[in-house]
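Per-entry structural report
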Amino acid sequence: MKKPAVLAAVLAIASLTAPAFADDFPSAISVSGEATMSAAPDLAQIDAGVASDAKTAKEASDTNNAAMGKVLAALKGAGIAEKDYQTSRLSLQPQYGQNKSTGASPVVGFRASNRVTVKLRDVTKVAAIIDTLVGAGANDIGNISFEVTQASKLLDDARVQAVADARRKAEIYAKATGVTLGAPLSVSEGGGPMPLFKGRMAAEPMARAPAAVAPGEETLSVTVNVSWAIKAKE
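As a starting point, this report considers the structure included with it.

For the structure shown, the criterion picks out twelve salt bridges. Between Glu34 and Lys169 there is a salt bridge, with the nearest N and O atoms lying 2.9 Å from each other. Within this pair, whereas Glu34 is found in strand E1 (residues 28-39), its partner Lys169 is found in helix H5 (residues 156-177), the two being separated by 135 residues in sequence. With a relative accessible area of 38%, Glu34 lands in the partly exposed category. For Lys169, a relative accessible area of 21% puts it in the partly exposed group. Salt-bridge contacts for Arg111 lead to Asp53; the nearest nitrogen and oxygen are separated by 2.7 Å. Of this pair, Arg111 sits in strand E4 (residues 107-120) while Asp53 sits in strand E2 (residues 43-54); the two residues are 58 residues apart in sequence, bridging distant segments of the chain. By relative accessible area, which is 37% here, Arg111 ends up partly exposed. In the salt-bridge network here, residues are joined through shared partners; they are Glu34, Asp165, Arg168 and Lys169.

Following this line, the structure appears as structure tokens:
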């Protein structure tokens, strides 16, 4: 006879605590809103290098150092600040041949390479600087990337649009489920504001024809996550 009484007491406690639990965790509709905008890049980065082949490691290294010295001097002569270019990779590798009679792969020479990364704060100078690099002896032009440095600040209007997009979606769900939206409970930005398309590849301008470069525009994107309290329609 005592067990039914204990069970009844447990059920009574549960019924009293359930509303308090619901009050602590109100019902809500949570959605994401997106917005995009276009902006012209204001920073370019060029990766260039010099590779030198020789019979000995010292000869390859000395030849490469002299060649890269001319490249760096050309950058300085073009008005690029020293803080805006730096060595990104140095290497000295043996080059192997093939002995057909023995199948061995003897060392037949060495290749020294030196790469420099150049930042350009005036993107209109990209083509001219590529021509300068090639003219000074750079024989390997790698990636060219463009960037919008003030992306977060430029996205302020897009953030407003993203919140409006989130509310539009929330109102659709509210109407479909027969409730009305209350006050926003939380707003958070999903990830950092990043361009959808950032880097571009450039063809290696080994010929002395002027380089053709088009910076174009970057498409920036922002996402916000918003939760709204909901209530039954009156």
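What follows continues from the structure just given.
In this section: the nonpolar core. Among the nonpolar cores identified, the biggest contains 24 residues, and Ile46, Leu120, Val126 and Leu133 are the most heavily contacted of them. A per-element tally of this core places helix H3 (residues 126-136) first, with six residues. Ignoring sequence-local partners within four residues, the contact set of Leu133 consists of Ile46, Ala48, Val71, Leu75, Ala138 and Ile141. By size, the runner-up hydrophobic cluster in this structure holds 19 residues, among which are Ile29, Ala151, Leu181 and Val222.

Calculation criteria
Residues numbered from 1 in each chain as written. Predicted model: local features only at pLDDT ≥ 70, side-chain atom pairs only at ≥ 80, totals over all residues. Heavy atoms only, no water. Salt bridge = Lys/Arg side-chain N within 4 Å of Asp/Glu carboxyl O. Helix = DSSP H or I, 4+ residues; strand = E, 2+ residues; numbered from the N terminus. Buried < 20%, exposed > 50% of the residue type's maximum accessible area, 1.4 Å probe, protein only. Core = buried A, V, L, I, M, F, W, Y, C linked by side-chain atoms within 4.5 Å. Contact = heavy atoms within 4.5 Å.

From the geometry alone we can't say anything about function, so treat these as descriptive.
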